[in-house]
Amino acid sequence: MPIIIISSDSYKTGRDIAERIAKTTGYDYVDREILGPAAAKANIEEEKLVKSLEETSSFLGLSSKMKNRCLAYVQEATLGQLLEDNVVCHGLGAHLYVLGVSHALKVRVLTEPEELARQLSQDGGGAPEKSRKTIKRLEAQQRKWSLEAFDLDETDPSNYDMVISLSQIDPDEAVRTIADMSGYRKFQPMTYSIKCLKDKELAGRVRVALMERFPDVRVQANGSTIVVETKAIKREKQKRTEAIKGLAVGIVGVDYVEVHVANDIFRQAAESSR
Amino acid sequence: MAVITISRGSYSKGKEVAERVAERLGYECISRDVLLEASDHFHIPEVKLIRAIHDAPSILDRFKHGKQIFIAYIRSALMSRVANDNIVYHGLAGHVLLTGVPNVLKVRIIADMKDRIKAEMEREGISEEDARILLQKDDEERRKWTRSLYGVDPWDSSLYDLVIHISKLRVSDAVDFVCQAATKDQFKTTEPYRRKIEDLAVACQVKAALVDPFFDVGVTSEYGNVLIYTKTGDRQVGKLKARARAIKREVEGINHLEVHAGVQFPENAI
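Residues numbered from 1 in each chain as written. Chains lettered and ligands numbered in written order. Predicted model: local features only at pLDDT ≥ 70, side-chain atom pairs only at ≥ 80, totals over all residues. Heavy atoms only, no water.

1. Points about the overall build of chain B
Right, so step 1: A count of helical and extended segments in chain B gives ten helices and eight strands.
Right, so step 2: Burial analysis of chain B (270 residues in total) assigns 50% to the buried set.
Right, so step 3: For chain B, the proportion of contacts with a sequence separation of at least 24, taken over those separated by at least 6, is 70%.
Right, so step 4: Total accessible area on chain B stands at roughly 12,900 Å², and carbon and sulfur atoms take up 48% of it. (Helix = DSSP H or I, 4+ residues; strand = E, 2+ residues; numbered from the N terminus. Buried < 20%, exposed > 50% of the residue type's maximum accessible area, 1.4 Å probe, protein only. Contact = heavy atoms within 4.5 Å. Areas by Shrake-Rupley, 256 points an atom, 1.4 Å probe, with all protein chains shown as cover.)

2. Quick notes on the overall build of chain A
Right, so step 1: Scanning chain A from terminus to terminus reveals eleven helices and eight strands.
Right, so step 2: Taking 274 residues into account, the globule formula puts the C-alpha radius of gyration at 19 Å, and chain A, at 20 Å, falls close to it.
Right, so step 3: With the principal axes as the frame, chain A shows a C-alpha extent of 65 × 45 × 30 Å.
Right, so step 4: The buried share of chain A, reckoned over its 274 residues, is 49%. (Rg over C-alpha atoms; globule rule 2.2 N^0.38 Å.)

3. Focus: the pattern of salt bridges
Right, so step 1: Evaluated as defined, the whole model comprises 26 salt bridges over all chains.
Right, so step 2: Between A:Arg15 and A:Glu33 there is a salt bridge; the shortest N-O distance is 2.6 Å. Residue A:Arg15 is located in helix α1 (residues 11-25), and its partner A:Glu33 is located in the loop between β2 (28-30) and α2 (35-42); the two are separated by 18 residues in the primary sequence.
Right, so step 3: Here B:Arg195 makes a salt bridge to B:Glu198, at a shortest N to O gap of 3.8 Å. Taken together, the positions of B:Arg195 and B:Glu198, both in helix α9 (residues 191-210) and three residues apart, correspond to about one turn of that helix.
Right, so step 4: For B:Arg195, a relative accessible area of 28% puts it in the partly exposed group.
Right, so step 5: Among the charged side chains, a network of salt bridges with common partners joins A:Arg15, A:Glu19, A:Asp31 and A:Glu33. (Salt bridge = Lys/Arg side-chain N within 4 Å of Asp/Glu carboxyl O.)

4. Quick word on the pairing of strand β3 (residues 87-90) of chain A
Residues and elements named next belong to chain A.
Right, so step 1: Burial of β3 is two-sided: the residues Val87 and Cys89 facing one way and the residues Val88 and His90 facing the other way are all buried.
Right, so step 2: Pairing of strand β1 (residues 3-8) with β3, which is carried by four bridges, proceeds in the parallel orientation. Its bridge partner lying in β3, isoleucine 6 is registered against histidine 90. (Pairing = 2+ DSSP bridges.)

5. Some details on the confidence of the model for chain B
Right, so step 1: When pLDDT is averaged across chain B, the result is 79; 87% of the residues are at 70 or more.
Right, so step 2: Reported confidence for the predicted complex is 0.85 by ipTM and 0.84 by pTM. (pLDDT = per-residue confidence, 0-100.)

6. Digging into unusual backbone geometry
Residue and element names in this part refer to chain A.
Right, so step 1: Phi at asparagine 43 is positive, roughly 60°, even though this residue is not glycine.
Right, so step 2: Note on asparagine 43: relative accessible area 71%, which makes it exposed.
Right, so step 3: Although it is not a glycine, aspartate 151 sits at a positive phi angle of roughly 60°.
Right, so step 4: Of note, aspartate 151 is situated in the loop between α7 (128-150) and β5 (162-165).

7. A short note on the interface of chain A and chain B
Right, so step 1: Residue-level contacts link 24 residues of chain A with 23 residues of chain B.
Right, so step 2: Taking both partners together, chain A and chain B bury about 2,100 Å²; carbon and sulfur atoms supply 53% of that area.
Right, so step 3: The interface formed by chain A and chain B holds one salt bridge in total.
Right, so step 4: Between B:Lys184 and A:Glu173 there is a salt bridge; the shortest N-O distance is 3.3 Å.
Right, so step 5: Between chain A and chain B we count nine residue pairs in polar contact (both at pLDDT 80 or more) in total.
Right, so step 6: At the level of elements, β4 (104-110), β5 and α8 (171-181) of chain A are the ones that each hand at least two residues to the side of chain A that touches chain B. (Buried area = accessible area lost by both parts, 1.4 Å probe. Polar contact = N/O pair within 3.5 Å; in protein donor to acceptor, adjacent residues only side chain to side chain.)

8. Comments concerning the environment of A:Pro37
Right, so step 1: Tracing the chain through its elements places A:Pro37 in helix α2.
Right, so step 2: What makes A:Pro37 exposed here is its relative accessible area of 57%.

Right, here's the structure in full:
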């Protein structure tokens, strides 16, 4: 059965709709509750994982390196849950990294503007009039966050199968529509789409295992074959390749590791100028 | 019943969705008709108006206050049709032109670029690269046009009730969703809604009749009682009042008409 991924301009609205869909369809519900165990595994405070899903990196907030590390753990935990099937997922940015998986139904739900202003006002955003300005700012912030984290604009409707605004369509109707949609043949798991998701999950696990030592690694999986891309100066290439292979081969599901090491021209230039 | 606007890019199958929704619900499907009516008023051939709309809103600037006049005419033409109810409109910026109409279901249909390129290649017999360039140019022109005339980005999903991505979803699925939503109570034309739409249609007609040369007026109508607002309090007001008296005879549905000079427009003024 399919995976339903809900994104929203408001965490509260998204959670409410996603929970109701899970109740209607009888699917499992996956949200930020999975971040606790993920944080314990990563030895990072849970608060930082939540921050990495909401804020761009900054001097006073999360550094770019820490944010990437946090997001890698979030992705690993989320993809592991999505493999289970029959899942409604919200609040973990899955719409931005579960790409090319045809049985993932992605829907964005937009809060009624007055309601969004009220929510912000309740969360300490000041009077509802002031909150309207905050809405615009938040939208720009969400766009900036998604572009920085996954190079995709999460406000762009082409990243979803459907966008539903709750201005005129009531939440019950939205829930019913999404639940009906998930029954369409196109959203049923196929051999290929399940393989795509499994590859992503394996790549996520390998990346997490490698990134403590090699934070810049990019990992792709195809069945049990892993392709790792990294950068190093010439004399370190051999050493790095062996280290990566040593770390990756022990991971469950990995049979073969291919390492591509590109020349790190900046470090190379710095070394040679010493 | 309801009013449905379907916004679309070229080769996004939005026209097909609109026609099938209209057919299934037994509604009238309109698009170019509104343009034809507006071009009659505008006294320029439809083909020129299409170019102005599609390629370059700057053409409208050659006419004094061209943009305001154009919007007033096209809005009036569209609102007259909407007053008849049971309409699917898949033409220009319906979601913006029908601001104030309470029961409009606003839909946007989008499609994957690769599918659009394939459709354009097949239809025009051109290369993939040429099709991509043409589509990107077309999208950019449409975007520029709506921004220039209405100050909104048609790609902004918050302008619509539903944005449907024709890729994994088929045209028939999109038709199902739109028809299902359109039958909900919130989109039904109740008696107060009908009254409001009739008033809006009257206000739009009055505005269209005045806009050249009185481009800077606001018009409201309530139960056929029309108020014309102008910020200026000079001798133009005399001419405006004379024109307003003539309009009272020309436009149907006006009970009473007043001109208020030197005051701010209310928010709901056309």
